[in-house]
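Close look at the chain arrangement
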Amino acid sequence: MIRIAFIGLGNMGGGMCANLVKSGHNVAAFDLNPEAVAAVAAKGARAASSIADAVKDADVVVSMLPAGKHVLSVYFGPDGVKHHAKRGTLLIDCSTIAVTDAREAHIQADLSGLILVDAPVSGGVAAAEAGTLTFMVGGTASAFEKAEQVLKGMGKNIFHAGGAGNGQAAKIANNMLLGISMIGTCEAFNLAEKLGLDAETFFRISSVSSGQCWSMTSYCPAPGPLPTSPANRDYKPGFAVSMMLKDLHLAAEAARTSGAGIRLGEHAASIYQALSDKGFGGLDFSGVMKDVKGEIAG
Ligand code: NAD
């Protein structure tokens, strides 16, 4: 049994925290939102009243927060984790944040006598609840080994991506590819339909041909071929356009600082941005199909 403090109990963190309790760990949970704390307390976590209260006895701190500024302030701000955690405490940040913020967090942790891994996830709310997330971990080999003991209570696939920030690097490169491939998949289905193929026929052919990709076979944006995909519930998320935009902006920032060319990544961001500007930020990102088909005005 490991003593864990869990901070950030939103859509993702709530299910992840509950799974750590289910795995037999002793979990103290904190969020700014008291309702989120009450929800995990009902599942066996101890409701903590502050960051200090959550981390005072912890061996490991796990966080699932909106963005880099929240992560840096929760860990290293005026009343943050670093002022209350024991030396040598392992910090596992599962939020999706900029590679530069993650690397800054590693430096701050080192300076504070704490050990940090960046461990963003692939998989949405359903995977968080089911304990089937994929984790991409950046940090030292020994920190990864310790983190793995905790992460396996929340996920199925756990990868050591390399040193500080490499977990975030893997995450945004992967999600940029996803954002691009989804638009390409929508254009292919739309073209096939205009040329006289129905979605089922094109799916049967392309899903076993060279155009095959995850956006097609696991999340098909055309209604019909894949009953589980958001296309069959009028593109209710799933993974919203606004979340995809967040990741594409992080990719653009990382490309700027590293000098990598991402012409398609930038173009994909502009397409999702236009969708968001027209009021469709809450649509599943595969709903870009509506735009490709010309069903969105403006
Ligand atoms: P969310 O907004 O539902 O949850 C974030 C939680 O953090 C909220 O409950 C909020 O009250 C809490 N919080 C914010 N500042 C805090 C502070 N200073 N102290 C304590 N609690 C604080 O967001 P989410 O959908 O759970 O996403 C969390 C992270 O996971 C994000 O970085 C997101 O990009 C990433 N992510 C989300 C998904 C998804 O499908 N939702 C998938 C993969 C990755």
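Refer to the structure above for everything that follows.
Values in this document were obtained by computation on a predicted structure and should not be read as measured data.

What follows covers the overall build of the protein chain. When you go through the protein chain residue by residue, the secondary structure sums to 13 helices and 9 strands. On C-alpha atoms alone, the protein chain measures out to a radius of gyration of 20 Å, which is about the 19 Å that the 2.2 N^0.38 rule sets for 298 residues. Per-residue burial for the protein chain yields a buried fraction of 52% across its 298 residues. Total accessible area computed for the protein chain in this model is approximately 13,400 Å², and 56% of it derives from carbon and sulfur atoms.

Moving on, we get to the nonpolar core. In this structure, Met182, Phe189, Leu248, Tyr272, Phe285 and Val288 are the most contacted members of the largest nonpolar core, which totals 41 residues. At the level of elements, helix H8 (166-194), helix H9 (199-206), helix H11 (241-258), helix H12 (263-280) and helix H13 (288-292) are the ones that each hand at least two residues to this core. The element best represented in this core is H11, accounting for 9 residues. Apart from the residues lying within four places of it in its own chain, the contact partners of Leu248 are Met176, Gly265, Ala268, Ala269 and Tyr272. Of all hydrophobic cores here, the second largest spans 35 residues; its members include Leu20, Val60, Val137 and Ala143.

What follows deals with the site of the ligand. Residues in contact with the ligand amount to 22 residues; listed here are only the nearest, Asn11, Met12, Asp31, Leu65 and Lys246. In the complex, 83% of the free accessible area of the ligand, which totals 830 Å², lies under the protein chains. Lining the shell around the ligand are residues from two domains, each supplying at least three of them: domain 1 (3-163) and domain 2 (169-292).

Among the secondary structure elements, Asp53 is positioned in helix H3 (residues 51-55). Overall, Asp53 belongs to the buried group, its relative accessible area being 14%. Spatially, the C-alpha atom of Asp53 lies 9.8 Å from that of Ala85, the residues being 32 residues apart in sequence. A polar contact is formed between the side chain of Asp53 and the side chain of Lys56, at a distance of 3.0 Å.

Scanning the model with the defined rule gives 0 disulfides in all. Sulfur of Cys17: no disulfide; nearest cysteine sulfur belongs to Cys94 and is 11 Å away. Note on Cys186: no disulfide assigned, nearest cysteine sulfur contributed by Cys220 at a separation of 8.5 Å. With relative accessibility at 0%, the residue Cys186 sits in the buried group.

Let us now look at empty space enclosed by the protein. One way to see where empty space is left: roll a probe the size of a water molecule over the atoms. Using the criterion set out here, one finds 1 cavity of 30 Å³ or more in the structure. Taken as a whole, the largest cavity holds about 30 Å³ of empty space. If you list the elements that add at least two residues to the lining of the largest cavity, you get helix H5 (99-111) and H11. Tallying contributions element by element places H11 first for the lining of the largest cavity, with 4 residues. Its residues placed into classes, the lining of the largest cavity shows 5 nonpolar, 2 polar and 1 charged.

Rules used throughout
Residues numbered from 1 in each chain as written. Predicted model: local features only at pLDDT ≥ 70, side-chain atom pairs only at ≥ 80, totals over all residues. Heavy atoms only, no water. Helix = DSSP H or I, 4+ residues; strand = E, 2+ residues; numbered from the N terminus. Rg over C-alpha atoms; globule rule 2.2 N^0.38 Å. Buried < 20%, exposed > 50% of the residue type's maximum accessible area, 1.4 Å probe, protein only. Areas by Shrake-Rupley, 256 points an atom, 1.4 Å probe, with all protein chains shown as cover. Core = buried A, V, L, I, M, F, W, Y, C linked by side-chain atoms within 4.5 Å. Contact = heavy atoms within 4.5 Å. Near = heavy atom within 4 Å. Domains from an automatic or database assignment. Polar contact = N/O pair within 3.5 Å; in protein donor to acceptor, adjacent residues only side chain to side chain. Disulfide = S-S within 2.5 Å. 1 Å grid on protein atoms, 1.4 Å probe; cavity = no way out; pocket = protein on both sides within 12 Å on 5 of 7 lines; lining within 4 Å. Points joined across faces, edges and corners; volume = space filled by probe spheres on them. Nonpolar A, V, L, I, M, F, W, Y, C, P; charged D, E, K, R; others polar.

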